[in-house]
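# Survey of secondary and tertiary structure
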Amino acid sequence: MTITGEATVVKNAGSHFLLSRLPEWAPFPAVLKGRVRLRAGDSTNPVAVGDRVRYQAEVQDGADTESISLENPASISEILDRKNHIIRRSTNLSRQSHVIAANVDMAYIVVSLYFPEVKLPFLDRLLVTCEVYGVPATIVLNKVDVYAGQAPEYMADFHRIYTGAGYRVIDTSVVTGQGIDVLREDCRGRVCLFSGESGVGKSSLIKAVDPSLSPKIGKISTAHLQGKHTTSLYEMYRIATGGYIIDTPGLRGFGLVDLKKEEIGLYFPEMLKASQDCRFTPCTHTHEPGCAVKEAVEQGLISAERYSSYLGMLEEDGKFRQ
Ligand code: GDP
Ligand code: ZN
């Protein structure tokens, strides 16, 4: 008999997929068959981890998805509308893009103040990307055991800049266990994307949140991403306490979005808020008289660091748009 239903893509292996009817965790294989309506524009993969899809499958009478096998996979008949998605592009100029994940409830951007030292303009670019794609972002400041004693003022500065900009910052340490419970609780019942520059402790954090994921996390090498076969890399894991994690290896090509000069300020939430009082619309918040953003920077209401990232993006923007 034929069964149909809706499920979430939990693994994208290029030509085949694993689906599960979340919150139930019972993944079953599926393939794309026939003419599925494609929606992801010029991306290399029409279906991404996190996509909600309709499937149909032939099973024995009375059976359900547990009887679906690799030999007799379900077929994906429709990809349902996405609430958001996040894209990685190969290079600035390339038209090729890859949908990393869809329907993400929270992106956790893991950073460290030392080894590797977070580069604020880079972090700000990632935050802008999340804003553009409509993915809420939380910053995870890891390795706090290292600098809490040595450089508390550096930590305080980081908090001032990012909580000031309206972002949540969770302090964590895999060494002392600080913040791990907070993170675990935060992930409950949500689809969570973890990203971070290599070395910040992203794998260690995921393993601390759920030790049973240890064998699976951090195994994907970034080297693969430079190759052509970038479609088999993403997978969603269920953490024991409920909640789903998508581990994104490396950050190259992530955080590149095409924005017009006048749009960039819309994706710095604190500037967007202040810009309502700018005399001119649109305002680039650079040379215009009566600019409320510049005034807020002078008064210290918007951090000089974030404003400087903004100016950097304005300049780059000009460069990339020939
Ligand atoms: P990833 O590349 O982001 O996945 O980073 P890893 O999880 O592989 O960690 C990189 C290095 O940082 C390893 O040597 C970890 O032991 C270390 N590390 C991770 N988290 C912490 C932490 O909270 N405190 C300290 N002191 N070291 C950490
Ligand atoms: Zn302005």
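Reading the values: rules and limits
Residues numbered from 1 in each chain as written. Chains lettered and ligands numbered in written order. Predicted model: local features only at pLDDT ≥ 70, side-chain atom pairs only at ≥ 80, totals over all residues. Heavy atoms only, no water. Helix = DSSP H or I, 4+ residues; strand = E, 2+ residues; numbered from the N terminus. Buried < 20%, exposed > 50% of the residue type's maximum accessible area, 1.4 Å probe, protein only. Contact = heavy atoms within 4.5 Å. Areas by Shrake-Rupley, 256 points an atom, 1.4 Å probe, with all protein chains shown as cover. Near = heavy atom within 4 Å. Polar contact = N/O pair within 3.5 Å; in protein donor to acceptor, adjacent residues only side chain to side chain. Pairing = 2+ DSSP bridges. Axes fitted to C-alpha atoms, helices over the stretch in contact; angles between N-to-C directions. Phe/Tyr/Trp six-rings, centres within 6.5 Å; stacked < 30°, edge-to-face > 60°. Donors = N, O, S within 2.8 Å, 3.2 Å for Na, K, Ca; no water. Tetrahedral: all angles 85-135°; square planar, octahedral: opposite > 155°, others 65-115°. Expected span 1.5 Å × (residues − 1). Arc of directions from axis to C-beta. Core = buried A, V, L, I, M, F, W, Y, C linked by side-chain atoms within 4.5 Å. Salt bridge = Lys/Arg side-chain N within 4 Å of Asp/Glu carboxyl O.

## Regarding the overall build of the protein
When its secondary structure is counted, the protein shows 10 helices and 13 strands. Counting the 322 residues in the protein, one finds 49% classified as buried. In the protein, once contacts between residues fewer than 6 apart in sequence are set aside, the share between residues at least 24 apart is 69%. When the accessible surface of the protein is totalled, it reaches about 15,300 Å², and 52% of it is carbon and sulfur.

## A word on the site of ligand 1
Of all residues adjacent to ligand 1, which total 15 residues, the nearest are Asp145, Val174, Gly199, Ser203 and Ser204. The separation between an oxygen atom of ligand 1 and a polar main-chain atom of Val174 is 2.7 Å. Across the complex, the protein chains shield 65% of the 580 Å² of accessible surface that ligand 1 would expose by itself. Of all the elements in the fold, those that place two or more residues in the shell around ligand 1 are helix H2 (144-150) and helix H5 (202-209). If one sorts the elements of the shell around ligand 1 by residue count, H5 sits on top with 3 residues.

## Observations concerning the sheet that holds strand S4 (residues 52-58)
One closed barrel accounts for 5 strands, arranged S1-S2-S3-S5-S4; its pairing is mixed. The average undirected angle you get between the axes of adjacent strands in this sheet is 55°. When S4 meets strand S5 (residues 74-79), the two strands line up antiparallel, connected through 4 bridges. Bridged to Arg54 within S5 is Glu78.

## So, the packing of aromatic side chains
Considering all chains together, one arrives at 9 aromatic pairs under this definition. Ring geometry for Phe158 against Tyr162: centres 4.8 Å apart, planes inclined by 40°, an arrangement best described as tilted. On the criterion of helical spacing, the pair formed by Phe158 and Tyr162 is a turn pair, its members being 4 residues apart in helix H3 (residues 152-164). On the accessibility criterion, Tyr162 (0% relative accessible area) is buried.

## Structural notes on the coordination of the zinc ion (ligand 2)
In this structure, Cys278 (SG), Cys283 (SG), His285 (ND1) and Cys291 (SG) serve as the protein donors to the zinc ion (ligand 2), at separations of 2.1 to 2.4 Å. Coordination at the zinc ion (ligand 2) is tetrahedral, judged from the 4 donor atoms that bind it and the angles of 104 to 117° they form at the metal. Between consecutive donors of the zinc ion (ligand 2), the numbers of intervening residues give the motif C-x4-C-x1-H-x5-C. A relative accessible area of 5% places Cys291 in the buried class.

## Let's talk about the environment of Gly14
Within the secondary structure, Gly14 is located in the loop between strand S1 (2-12) and strand S2 (16-20). Each C-alpha atom, one on Gly14 and one on Asn45, is 7.8 Å from the other, the two residues being 31 residues apart in sequence.

## Let's talk about the pairing of strand S7 (residues 97-102)
With 6 of 6 residues buried, S7 lies mostly within the body of the structure. In terms of strand pairing, strand S6 (residues 85-89) meets S7 through 5 bridges, oriented antiparallel. Note on S7: the bridge partner recorded for Ile87 is Val99.

## Quick notes on helix H1 (residues 120-133)
Helical geometry: 3.6 residues make up each α-helical turn, so side chains three or four residues apart lie on a common side. Helix length check: H1 (14 residues) gives 20 Å between terminal C-alpha atoms against 20 Å at 1.5 Å per residue, within 8%. Counting buried positions along H1 yields 10 of 14 residues, so the element is predominantly enclosed. When H1 is considered as a whole, its buried residues turn out to be Leu120, Leu123, Asp124, Arg125, Leu126, Leu127, Val128, Thr129, Cys130 and Tyr133. Immediately downstream of H1, the backbone of Gly134 shows phi near 70°, a positive value.

## What about H5?
Along H5, the residues that are buried comprise Lys202, Leu205, Ile206 and Val209. In an axial view of H5, the angular spread of the buried residues amounts to 95°, which keeps them on one side of the axis.

## Concerning the nonpolar core
Soluble globular proteins tend to bury their nonpolar side chains together. In terms of nonpolar packing, the biggest core is built from 59 residues, with Leu123, Ile139, Leu141, Phe158, Tyr162 and Val293 touching the most fellow members. For this core, the element with the most residues is H1, which contributes 7 residues. Each residue touching Leu141, except ones within four places of it in the same chain, is listed here: Val111, Ser112, Leu113, Tyr147, Met155, Phe158, His159, Val169, Ile170, Asp171 and Thr172. Membership of the second largest hydrophobic core comes to 19 residues, among which are Leu183, Phe194, Val200 and Ile206.

## So, the pattern of salt bridges
According to the stated counting rule, one finds 18 salt bridges in the structure shown. Of the charged contacts in the structure, one is a salt bridge between Arg184 and Asp181, with a shortest N-O distance of 2.8 Å. Residue Arg184 and its partner Asp181 are both found in helix H4 (residues 180-187); the two are separated by 3 residues, about one turn of the helix. Taking the relative accessible area as the measure of exposure, Asp181 reaches 54% and is therefore exposed. Connected via shared salt-bridge partners are Glu6, Arg52 and Arg54.

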